[in-house]
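Spelled out, the chains give:
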Amino acid sequence: MPRIARYSSSRPRPEGGGEQRRGAPDQPDAGSAATRDDVPAATPAHPPPEAASAGTRRIHPAWVLVSLLLVLNLASVGYLAFLHRPPAPVAMTQKDIDAAVLQTLSTHTLPSPAARAAAKIAPSVVHVSGFVRTKRGTEIERGEGTGVVVVDKGLILTNLHVVQGSRRIEVEFADGSVSDARVVTVQAENDLAVLQALDVPENLKAATMRSTEALNAGDQVIAVGFPFGIGPSVSSGVVSGLQREFQSPEGKQVLRNLIQFDAAANPGNSGGPLVTMDGEVVGIVTAILNPTSARTSLGIGFAVPIENAASALGSPPF
């Protein structure tokens, strides 16, 4: 007669996980000779580690250190940005601006309007000399005056009486270079001549011309030239009047529609520019009035308006 089995060598793993201890007897219901399929497995007293730690992960110490270093780095960057932030702008009042201007004026010597005008016109002013030959063939200087560059290709305005009768004409530019020049055209009624330099310097600067329409008596002006060959020299004054007439001492010519000014002008200033405080040419110095034979300035000079002078080039500039 077969023997009834009272132990089971193994049992299925419970659904909750874990493993039945080997050798542990099954606990059938009383009076049952075999293990019943409908009896639930006993729940282990201590769940396995996997079940107890489900949903919980252990953080590696290296990640904690990296996170801490990152936080410290961000904090230091933010602190440095705070230290180096630009200061808040300070609102300036009119009182602050006035105080700053007064401080500048009291500690710095600013150039005068005449000095600024002279600096602007200086690159365009030239020294003009006329030469003749003696009977022995020796070249001598016949006369000298001033000119002003009106076109950067080397066109120069000057007085006709400066170059008239010269066998050779020479001009010296502001950079010290020297060139022969020829007469392009003349305007005898205004005592004007237009010269063309034969050797033009690089970057030659032409003067800026300004209409005399808005010119008034009392406006400040400067005369730039080579009085008695000294220069370039600058003298300052004002416009004394407009539409003046002048008759040459010899009585040979009458010039009309002239600008009268009181800036010092002497022999050698002829042909030079009469300049506003903006550094713009409004006239060409042409004569001085002196009832004596000294031919020196008494504070009455005359200039041909630039409209008339520029028309000698063939077309008015305005």
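Above this note sits the structure.
This is a predicted model, so every value here is computed, not measured.

Caption draft 1: Examining the overall build of the protein chain more closely. Of the regular secondary structure elements, the protein chain holds 6 helices and 12 strands. A sequence separation of at least 24 residues applies to 57% of the contacts in the protein chain between residues at least 6 apart. As displayed, the protein chain offers around 20700 Å² of accessible surface, 55% of which is attributable to carbon and sulfur atoms.

Caption draft 2: A look at the sheet that holds strand 6 (residues 192-197). What the 6 strands build is a closed barrel, ordered 1-2-3-6-5-4; its pairing is antiparallel. The mean angle between the axes of side-by-side strands here comes to 40°, regardless of whether they run parallel or antiparallel. As paired strands, strand 4 (residues 168-172) and strand 5 (residues 178-187) are joined by 4 bridges and run antiparallel to one another. By the bridge assignment, Glu-172 is partnered in strand 5 with Val-178.

Caption draft 3: Expanded view of the packing of aromatic side chains. All told, the structure shown has 1 aromatic pair when counted by the stated rule. Arranged with centres 5.3 Å apart and planes meeting at 40°, the rings of Phe-246 and Phe-302 form a pair that is tilted. Of the two residues, Phe-246 is situated in strand 8 (residues 233-247) and Phe-302 in strand 12 (residues 301-305); the sequence distance between them amounts to 56 residues. Since its relative accessible area comes to 10%, Phe-246 is described here as buried. Since its relative accessible area comes to 4%, Phe-302 is described here as buried.

Caption draft 4: Summary view of the nonpolar core. The biggest cluster of nonpolar side chains holds 28 residues, and the ones touching the most others in it are Ile-121, Val-148, Leu-157, Ile-222 and Val-281. The element contributing the most residues to this core is helix 4 (residues 113-121), with 4 residues.

Caption draft 5: Inspection of unusual backbone geometry at higher detail. The omega angle of the peptide bond from Gly-231 to Pro-232 is 10°, so this bond is cis rather than trans. Structurally, the position occupied by Pro-232 is in the loop between strand 7 (220-225) and strand 8. Phi at Phe-228 takes a positive value of approximately 55°, unusual for a residue other than glycine. Examined against the element boundaries, Phe-228 turns out to sit in the loop between strand 7 and strand 8. Although it is not a glycine, Asn-257 sits at a positive phi angle of roughly 55°. Examined against the element boundaries, Asn-257 turns out to sit in strand 9 (residues 254-261).

Caption draft 6: Up close: the side chain of His-127. Residue placement: His-127 occurs in strand 1 (residues 125-133). The class for His-127 is buried, based on a relative accessible area of 13%. The contact partners of His-127, leaving out residues within four places of it in the chain, are Glu-144, Gly-145, Glu-170, Val-171, Glu-172 and Phe-226.

Caption draft 7: Representation of the sheet that holds strand 7 within the structure. The strand order around the closed barrel built from 6 strands is 7-8-9-12-11-10, with neighbouring strands paired in antiparallel fashion. On average, adjacent strands in this sheet sit at an angle of 50° to one another, irrespective of strand direction. Taken together, the 3 bridges between strand 7 and strand 10 (residues 273-276) define a ladder with antiparallel strand orientation. Paired with Ile-222 across the bridge in strand 10 is Val-275.

Caption draft 8: Highlighting a nonpolar patch on the surface. On the surface, Met-92, Ile-97, Val-101, Leu-102, Leu-105 and Leu-110 cluster together into a nonpolar patch covering about 590 Å² of accessible area. Here Leu-110 is to be found in the loop between helix 3 (94-107) and helix 4.

Caption draft 9: Seen up close, the pattern of salt bridges. Under the criterion given, the structure shown has 5 salt bridges. Note that Asp-180 is salt-bridged to Arg-168, the shortest N-O span being 2.7 Å. Here the residue Asp-180 occupies a position in strand 5, and Arg-168 occupies one in strand 4, the gap between them amounting to 12 residues. Overall, the relative accessible area of 32% leaves Asp-180 in the partly exposed class. Between Arg-210 and Asp-278 there is a salt bridge, and its shortest N-O distance comes to 3.5 Å. Highlighted residues: Arg-210 in the loop between strand 6 and strand 7 and Asp-278 in the loop between strand 10 and strand 11 (281-288), separated in sequence by 68 residues. By sharing partners, the salt bridges in this structure join Glu-139, Arg-168, Glu-170 and Asp-180 into a single network.

Caption draft 10: Region of interest: the pairing of strand 12. The buried fraction of strand 12 is high, at 5 of 5 residues. When strand 9 meets strand 12, the two strands line up antiparallel, connected through 3 bridges. Paired with Gln-260 across the bridge in strand 12 is Phe-302.

Caption draft 11: Just the environment of Asn-269, in detail. With respect to the helices, strands and loops of the structure, Asn-269 is situated in the loop between strand 9 and strand 10. Judged by its relative accessible area of 3%, Asn-269 falls in the buried class. Once the C-alpha coordinates of Asn-269 and His-127 are considered, the two residues, 142 residues apart in sequence, prove to be 9.6 Å apart. Contacts of Asn-269, omitting those with residues within four sequence positions, involve Thr-146, Val-224, Gly-225, Phe-226, Pro-227, Ala-264 and Val-285.

Rules of the game
Residues numbered from 1 in each chain as written. Predicted model: local features only at pLDDT ≥ 70, side-chain atom pairs only at ≥ 80, totals over all residues. Heavy atoms only, no water. Helix = DSSP H or I, 4+ residues; strand = E, 2+ residues; numbered from the N terminus. Contact = heavy atoms within 4.5 Å. Areas by Shrake-Rupley, 256 points an atom, 1.4 Å probe, with all protein chains shown as cover. Pairing = 2+ DSSP bridges. Axes fitted to C-alpha atoms, helices over the stretch in contact; angles between N-to-C directions. Phe/Tyr/Trp six-rings, centres within 6.5 Å; stacked < 30°, edge-to-face > 60°. Buried < 20%, exposed > 50% of the residue type's maximum accessible area, 1.4 Å probe, protein only. Core = buried A, V, L, I, M, F, W, Y, C linked by side-chain atoms within 4.5 Å. Patch = residues over 30% accessible without salt bridge, like charges linked within 9 Å, V, L, I, M, F, W, Y side chains within 5 Å. Salt bridge = Lys/Arg side-chain N within 4 Å of Asp/Glu carboxyl O.

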